[in-house]
Amino acid sequence: MALFVKKKYLTELSFKTEYHCHLLPGVDDGIQKREESFALLKKMQDVGYSKVFLTPHINPDIFPENTEPFLRRRFEIFKTELPADISLDLTLSAEYMVEGTFCDRIAPDMLYFEVDGKKYVLIEMSYYYISNEIEDALFKLSLAGFIPVLAHPERYLYLASSLKVFEKYHDMGCKFQLNLLSLSGIYGQGSIKIMKYLLGNRWYRFVGSDAHSIEHFEKIQTIKMKPDLFDKLLEISNLY
Ligand SMILES: [Fe+2]
């Protein structure tokens, strides 16, 4: 008789905080219209979130306008436009691409996010190659009093056969942020391998939707998984 394992819905987890999303409208490749941003925030509120960190891309090559002062201004305007039925605690943060100039731009007023008195900076690399500056960046962020958080490590498929690299980053003080959509398996076997490795080591500190649209967030709400994976995620959700 085949053993039937009942899967669990991701929505049964009680994540209260969104750490990674692109819903500050019209500043990057995320949501463009503020009405869609409001609708997504309402959806997040309805499924139980209470706090959202907005993390637009800071990448001078692709979004040259996105400096910290520019994004702060856009965020202030956005907050004044929020519908009255959205009571979420919103904070502006950012997702920094680690590229040639990044280390020179590490500064006390960068868009970090704060949890339990600790200051974290969300960073990313290209999906195609490892950043030349990544180790330098981890070191210099720590030196500046920040804890680096590497966004969606399970999406750097070129590292699936070099898992030791993650151990090195971990030993350098780097934390990791899981993209919830990755749990659906949409990014393939390499991604699953990385995810299992990091979950097995309990090295994911944060999860986020990385939502670029409402549809993106809605897909996440339909994800089902085996109980052992669910229990590992529960450990992360309990960290909040
Ligand atoms: Fe992102």
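Calculation criteria
Residues numbered from 1 in each chain as written. Predicted model: local features only at pLDDT ≥ 70, side-chain atom pairs only at ≥ 80, totals over all residues. Heavy atoms only, no water. Helix = DSSP H or I, 4+ residues; strand = E, 2+ residues; numbered from the N terminus. Contact = heavy atoms within 4.5 Å. Disulfide = S-S within 2.5 Å. Buried < 20%, exposed > 50% of the residue type's maximum accessible area, 1.4 Å probe, protein only. Donors = N, O, S within 2.8 Å, 3.2 Å for Na, K, Ca; no water. Tetrahedral: all angles 85-135°; square planar, octahedral: opposite > 155°, others 65-115°. Expected span 1.5 Å × (residues − 1). Arc of directions from axis to C-beta. Patch = residues over 30% accessible without salt bridge, like charges linked within 9 Å, V, L, I, M, F, W, Y side chains within 5 Å. Areas by Shrake-Rupley, 256 points an atom, 1.4 Å probe, with all protein chains shown as cover. Salt bridge = Lys/Arg side-chain N within 4 Å of Asp/Glu carboxyl O. Pairing = 2+ DSSP bridges. Core = buried A, V, L, I, M, F, W, Y, C linked by side-chain atoms within 4.5 Å. Lys, Arg positive; Asp, Glu negative; His and termini not counted. Charge placed at Lys NZ, Arg CZ, Asp CG, Glu CD. Axes fitted to C-alpha atoms, helices over the stretch in contact; angles between N-to-C directions. Parallel < 35°, antiparallel > 145°, perpendicular 65-115°, else oblique. Left-handed = near helix turned anticlockwise from the far one by under 90°. Nonpolar A, V, L, I, M, F, W, Y, C, P; charged D, E, K, R; others polar.

S.K.: Please clarify how the environment of Glu99 should be interpreted in this entry.
M.R.: Structurally, the position occupied by Glu99 is in the loop between strand 6 (95–97) and strand 7 (113–115). In this structure the C-alpha to C-alpha distance between Glu99 and Pro60, which are 39 residues apart in sequence, comes to 8.9 Å. Ignoring any residue separated from it by four or fewer positions in sequence, one finds Glu99 in contact with Asn59, Pro60, Asp61, Arg105 and Glu133.

S.K.: Help me out: how do you make sense of the state of the cysteines in this one?
M.R.: Two cysteines joined by a covalent bond between their sulfur atoms form a disulfide. Applying the stated rule across the entire model yields 0 disulfides. Looking at Cys21, it has no disulfide partner, and the nearest cysteine sulfur is the one in Cys174, 20 Å off. Cys21 gets classed as buried once you look at its relative accessible area, which sits at 1%. Looking at the unpaired Cys174, the closest cysteine sulfur is the one in Cys103, lying at 13 Å. We classify Cys174 as buried; its relative accessible area is 1%.

S.K.: How do you make sense of the coordination of the iron ion when you look at a structure like this?
M.R.: For a metal bound by four donors in tetrahedral geometry, the ideal donor-metal-donor angle is 109.5 degrees, whereas six donors in octahedral geometry ideally sit at 90 or 180 degrees. Coordination of the iron ion by the protein involves His20 (NE2), His22 (NE2), Glu95 (OE) and Asp210 (OD), with metal-donor separations of 2.0 to 2.3 Å. The coordination sphere of the iron ion comprises 4 donor atoms, whose angles at the metal cover 80 to 170 degrees; the geometry is irregular. As a motif over one chain, the donors of the iron ion read H-x1-H-x72-E-x114-D. Taken together, the residues His20 in the loop between strand 2 (17–18) and helix 1 (34–46) and Glu95 in strand 6 connect sequence positions 75 residues apart.

S.K.: Which parts of the structure should I look at to understand helix 2 (residues 68–81)?
M.R.: Note on helix geometry: an α-helix contains 3.6 residues per turn, so any two residues three or four positions apart are oriented the same way. Taking 1.5 Å of rise per residue, 14 residues should cover 20 Å, and helix 2 covers 20 Å from first to last C-alpha, within 8% of that figure. Among all positions of helix 2, only Glu68, Phe70, Leu71, Phe75 and Phe78 are buried. Within helix 2, the buried residues cover an arc of 155 degrees as seen down the axis, which keeps them to one side. Opposite its buried face, helix 2 presents the exposed residues Arg73 and Thr80, each directed more than 90 degrees away. Buried residues belonging to helix 2 abut helix 1, strand 3 (51–54), strand 4 (57–58), strand 5 (89–92) and strand 6.

S.K.: Can you walk me through unusual backbone geometry in this structure?
M.R.: Across residues other than glycine, the phi torsion is negative in most instances, and most of the peptide bonds are trans. Unlike most non-glycine residues, Arg202 shows phi in positive territory, near 60 degrees. Position of Arg202 relative to the elements: it lies in the loop between helix 5 (189–200) and strand 11 (204–208). Phi is positive for Asp210, which is not a glycine, with a value near 55 degrees. By the element assignment, Asp210 lies in the loop between strand 11 and helix 6 (214–221). Exposure remark for Asp210: the relative accessible area of 3% places this residue in the buried category.

S.K.: What is the right way to read a nonpolar patch on the surface from this model?
M.R.: On the surface, a cluster of nonpolar side chains totalling about 410 Å² of accessible area is made up of Tyr127, Tyr128 and Tyr129. Inspection of the secondary structure assignment puts Tyr128 in the loop between strand 8 (118–124) and helix 3 (134–143). For Tyr128, a relative accessible area of 70% puts it in the exposed group.

S.K.: So what exactly am I meant to see when it comes to the pairing of strand 3 here?
M.R.: Judged from the 2 bridges that link them, strand 2 and strand 3 form a sheet pairing that is parallel. Along strand 3, the bridge assignment pairs Glu18 with Val52.

S.K.: What's the story with the nonpolar core in this structure? I'm lost.
M.R.: In a soluble, globular protein the nonpolar side chains are often hidden away together inside. Grouped together as the largest cluster of nonpolar side chains are 69 residues, with contacts concentrated most on Phe102, Ile123 and Leu233. Among residues more than four places away in sequence, those in contact with Leu233 are Leu10, Leu13, Phe15, Leu178, Leu183, Leu199, Val207 and Met225. Formed by 10 residues, the second largest nonpolar core is a distinct cluster that contains Phe53, Leu122, Val149 and Phe206.

S.K.: What's the story with a positive patch on the surface in this structure? I'm lost.
M.R.: On the surface, a cluster of positive charge is contributed by Lys6, Lys7, Lys196, Lys224 and Lys226. Looking at the element boundaries, Lys6 is found in the segment before strand 1 (8–9).

S.K.: Mind showing me how you'd approach the packing of helix 1 against helix 6 here?
M.R.: Angle between the axes and distance between the axes are the two parameters that describe a pair of packed helices. In contact at an axis separation of 10 Å, helix 1 and helix 6 are set at 20 degrees when each is read in the N-to-C sense. What the angle tells us is that helix 1 and helix 6 run roughly parallel. When you trace helix 1 past helix 6, the crossing you get is left-handed. Here Glu36, Ala39, Leu40, Lys43 and Met44 of helix 1 lie close against helix 6, whose contacting residues are Ile214, Glu215, Phe217 and Glu218. Partitioned by chemical class, the residues of the contact of helix 1 with helix 6 number 5 nonpolar, no polar and 4 charged.

What is shown is where atoms sit, not what they do.
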